[in-house]
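# Observations on the model geometry
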Amino acid sequence: MKQFPFPLRFSIPIILLVLGSFLGLFSFKQEISQFDVDAEEEISHDAKFTGTQTAETLEYLYRKGDIEQAEIIISKSQGDINIKLALLCDENNQVLLATRYELRQQPVSNTLDVNILAALEKSRQTMAYQAIISQDKQTLWAIHPVLLGAIPGELRPSRVGTLLLKYDITAIKQRTYNNALQRSIKMIIGLALVCVILWFFFDKTITQRAARLVATSKSLTVGELGTRASLQGSDELAQIATAFNKMAAWIQSNTEELHHALEVKEALAIAAFSQTQNLEKTLQELRKTQAQLIQTEKMSSLGQMVAGVAHEINNPVNFIHGNLTHVTEYINNLLHLINLYQQRYPDDAVMQEHLEDIDLEFLSQDLPKILSSMKIGTNRIREIVLTLRNFSRLDEADMKPVNIHEGIDSTLLILNDRLKAKGEHLAINVIKEYANLPKIECYAGQLNQVFMNILSNAIDALHEYDRERKLKQSSLALMGSNPQDKEVLLKINQPNNITIKTQVFNSDWVTISIHNNRSEISHDTIDKLFDPFFTTKPVGQGTGLGLSISYQIVVDKHHGSLTCISEPDQGVEFLIKIPIKQSSKQIKQG
């Protein structure tokens, strides 16, 4: 059984009060229901008596033909505070006289509902009084038949009209309610006095004695083992007190041994808990170190490979680029020599035939263009090699001032192939909003690693959206076209964009924002986004290390901040904030 949520000192009077309240409410309900019936009978009797007198008076006046006096009788009915409306209708249910002038000469059906119209017809046919009470018990309609006068030649009038009186019975019910309320209040006060008397009795015999027993048990719980309960009598509470005293004596005799055992267990538990915490901390550090080593090794291997490829490409490209100038000069000399031969030996048929075979005019025009294109191509290869070396930065492991924009551009060059349109993936537009930034003191290679991780994740998210886009387009095509669907289709067909924005913040900091306009991340996921080994990608496609390592590089190595912002239909933004200059203390800690 569920325990009562209050002490005995309060629970007993509450029970008595609730019981008395239920009895008082029951009495009040009985009073109200009975007096409602009495009120309805009283108003019905009054309506019958008053209406009968008025109907007889109207019959007399109509036999005399005194219509003006009949109007006065109807008008005087407004003097009764309980009558809200009086109507006199002819045999065709047309209003002849009414307390409201605008209702005269109108069909009575415009004023009354169907039930009253039926009662009106019944009263005319039976020549008997009818009373109708509305459903809300607030209005009574009294209907009396009225003889409106005889047609010339008739001994008894054949025109039977009806007198309708609308009574408001709310005032009588209010008086009934007030009388019932007064009687119920008196009864509740009487019940309250009885409850108070019973409460004093229970408080003396049960509550106070139980309180002493509770106080003794509380003293025992706080360590006062010598405390005993002293209750007089032979009732159940006294028996409980005796059993309680025996239990307290047994507890006192065994407490010292238990206390000693608990102290030993507590010491062991504290030692075990401390050891567990140390092991957990060590495990977390090992996992973090492992993640850093794996990711660092991956980026180091990538940097070495990029640097090696750049170095191997650089030598032959420099050889070609350097010799193109000499080749151009030599070819120009040979063309000039051929031109001299043409001028000196214009009639040599063999030479002219050979010149026509090789199309010397076209060759002399196209060959410089080819050499110029080769020079442009070698310049482009040299720029790419320089960008790859800038990304790897194997020769810049220490913190030094660098141009952040060069690192971003070199990362984009590495990812350029993934930005192009392929199969179901649309092209990704990169929007650069670079501010005029000073050189930033940082670990350039590690910061490039952060850019690589964030941009790769943004590209993966946009590729995933492309797959969802295709499904949405197919679904809209099956559903048909309407203006709303066209707006949705226009929205999902917008191009994929990655916006990179840099700016100076508070003169000592720079912010780098990388925003994609498609994907969304829930707030619950954002809270765990930088945890090691947490990933939102399918199994086998993500390790959960990239953003964790990026967070450590930005926060621990550069003493900045890395946050993720995502709102519905607004895409995802990663915001990097780092200081322009690192203090010597920060560099040492990093």
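Treat the numbers as computed from the prediction; the structure is a model and nothing was measured.

Cut-off values and rules
Residue numbers run consecutively from 1 along every chain, following the written order of its sequence. Restriction of local features to residues with pLDDT of at least 70 applies here, the model being predicted, together with a cutoff of 80 or more for giving and counting side-chain atom pairs; totals for whole chains, interfaces and linings are based on all residues. Computation of side-chain values: all heavy atoms of the structure, hydrogens and water removed. Only strands that DSSP links by at least two bridges are regarded as paired with each other. Under the DSSP-based scheme used, a helix requires at least four consecutive residues in state H or I and a strand at least two consecutive residues in state E, with every element numbered from the N terminus. A fitted line through C-alpha atoms serves as each axis, taken over the contacting stretch for helices, and the angle formed by two N-to-C directions is quoted from 0 to 180°. Contacts were defined at the residue level, with two residues in contact if any of their heavy atoms lie within 4.5 Å. Residues enter a nonpolar core if they are buried and are Ala, Val, Leu, Ile, Met, Phe, Trp, Tyr or Cys, with the set joined through side-chain atoms within 4.5 Å. Buried residues are those whose accessible area, probed at 1.4 Å on protein chains only, stays under 20% of the maximum for their type, while exposed residues exceed 50% and partly exposed ones sit between those limits. Only centres within 6.5 Å qualify two rings of Phe, Tyr or Trp (six-membered ring in Trp) as a pair; their planes then separate them into stacked at under 30 degrees, edge-to-face at over 60, and tilted for everything else. Criterion for a charge above a ring: Lys NZ or Arg CZ within 6 Å of the ring centre, and within 35 degrees of the ring normal. Counted as salt bridges are all cases of a side-chain nitrogen of Lys or Arg within 4 Å of a carboxyl oxygen of Asp or Glu. Polar contacts, as used here, are pairs of N or O atoms within 3.5 Å; protein pairs need one atom able to donate a hydrogen and one able to accept it. Residues neighboring in sequence count only if both atoms are side-chain atoms. Note on scores: pLDDT gives the predictor's confidence for each residue, bounded by 0 and 100.

### Some points on the sheet that holds strand S3 (residues 130–133)
Strand order in the open sheet formed by five strands is S2-S1-S5-S4-S3, with antiparallel pairing between adjacent strands. Looking at the sheet topology across the chains shown, the edges are occupied by strand S2 (95–98) and S3. Mean inter-strand twist for the sheet, computed between neighbouring axes without regard to direction, equals 20°. Strand direction decides the pairing type here: S3 and strand S4 (residues 139–147), joined by four bridges, are antiparallel. Looking at the pairing, Ile133 lines up with Leu140 of S4. Strand contacts of helix H2 (residues 67–76): strand S1 (83–89), S2 and strand S5 (160–168), with the helix running at about 55° to S2, the strand carrying the most contacts. In the packing of helix H3 (residues 114–126) onto the sheet, contacts are made with S3, S4 and S5, and the angle to S4 comes to roughly 30°.

### Digging into the sheet that holds strand S10 (residues 509–516)
Consider a sheet: its strands pair through backbone hydrogen bonds, and that pairing is either parallel or antiparallel. Pairing within the open sheet is mixed, and its five strands lie in the order S7-S9-S10-S12-S11. Since the sheet does not close on itself, it has two edges, and those belong to strand S7 (428–433) and strand S11 (561–566), each with one partner. Shown here is a sheet whose adjacent strand axes are inclined to one another by a mean of 15°, direction ignored. Across six bridges, S7 lies against strand S9 (residues 496–505) in parallel orientation. By the bridge assignment for S9, Val430 is matched with Ile498. Sitting on the sheet, helix H8 (residues 404–414) touches S7, S9 and S10, and the angle it makes with S9 is about 165°. Strands S11 and strand S12 (572–579) of the sheet are contacted by helix H13 (residues 546–557), whose axis makes an angle of about 130° with S11.

### Quick word on the nonpolar core
Counting residues in hydrophobic clusters, the biggest one holds 39 residues, and the most contacted among them are Ile404, Phe451, Ile454, Ile498, Ile512, Phe574 and Ile576. Taken together, the elements giving at least two residues each to this core come down to H8, strand S8 (440–442), helix H10 (444–479), S9, S10, H13, S11 and S12. The biggest single contributor to this core is H10, with ten residues. When residues no more than four places from it in sequence are discounted, the contact partners of Ile576 are Val450, Phe451, Ile454, Val510, Thr511, Ile512, Val554, Ser561 and Leu562. Counting residues in each nonpolar core, the second largest holds 23 residues, with Ala55, Leu88, Ala142 and Leu165 among its members.

### What about the packing of aromatic side chains?
The tally for this structure, following the rule as stated, stands at zero aromatic pairs. Over the ring of Trp509 we find Lys577, and its NZ or CZ is 5.8 Å from the ring centre.

### Focus on the pattern of salt bridges
Working definition: two side chains of opposite charge can pair if their charged atoms are close together. For the coordinates displayed, the defined rule picks out eight salt bridges. Across the salt bridge formed by Arg104 and Glu71, the nearest N and O atoms sit 3.9 Å from each other. Of this pair, Arg104 sits in the loop between S2 and H3 while Glu71 is found in helix H2, placing the two residues 33 residues apart along the sequence. A salt bridge links Glu464 to Arg467, with the nearest nitrogen and oxygen atoms 2.6 Å apart. Remark: Arg467 and Glu464 occur in helix H10; sequence separation between them is three residues, near one turn of the helix. Owing to a relative accessible area of 37%, Glu464 belongs among the partly exposed residues under this scheme. Taking the relative accessible area as the measure of exposure, Arg467 reaches 34% and is therefore partly exposed.

### Regarding the pairing of S2
Alignment of S1 against S2, held across three bridges, turns out to be antiparallel. Within S2, the residue paired with Cys89 across the bridge is Val95. The turn joining S1 and S2, which pair antiparallel and follow one another in sequence, is formed by five residues; a positive phi near 60° is taken by Asn93.

### A look at the pairing of S1
The element S1 is extensively covered by neighbouring structure, given that six of its seven residues are classed as buried. Sheet topology places S1 next to S5; six bridges connect them, and they run antiparallel. Counterpart to Ala86 in the pairing with S5 is Leu165.

### Details of the environment of Asn332
Position of Asn332 relative to the elements: it lies in helix H5 (residues 236–344). Each C-alpha atom of the pair Asn332 and Leu367 lies 9.4 Å from the other, and the pair is 35 residues apart in sequence.

### A closer look at the environment of Leu415
Mapped onto the secondary structure, Leu415 falls in the loop between H8 and helix H9 (416–419). Classification of Leu415 by relative accessible area gives buried; the value is 5%. For the pair formed by Leu415 and Ile459, sequence separation is 44 residues and the distance between their alpha carbons is 9.1 Å. With sequence-adjacent residues up to four places away left out, Leu415 is seen in contact with Met452, Leu455, Ser456 and Ile459.

### Topic: the environment of Ile408
Structurally, the position occupied by Ile408 is in helix H8. Looking at Ile408, the relative accessible area reads 2%, which means it is buried. With residues near it in sequence (within four places) discarded, Ile408 still touches Tyr434, Phe451, Ile500, Thr502 and Ile512.

### Concerning the side chain of Thr525
The topology assignment puts Thr525 in helix H12 (residues 523–528). Thr525 sits in the buried class, given a relative accessible area of 17%. At 2.8 Å, the side chain of Thr525 and the side chain of Ser522 are in polar contact. In this structure Thr525 touches Phe534 and Thr536, once residues within four positions along its chain are discounted.

### Regarding the side chain of Ser513
Positionally, Ser513 belongs in strand S10. With relative accessibility at 9%, the residue Ser513 sits in the buried group. In this structure the side chain of Ser513 is engaged in a polar contact, spanning 2.6 Å, whose partner is the side chain of Glu573.

### Points about the confidence of the model for the protein
Scored by pLDDT, the protein comes out at a mean of 76, with 77% of its residues at no less than 70. Highest mean pLDDT in the protein belongs to S10 (93); lowest belongs to helix H14 (residues 584–589) (45). Every residue in residues 585–590 is under pLDDT 50, and counting partners more than four places away or in other chains gives eleven contacts.

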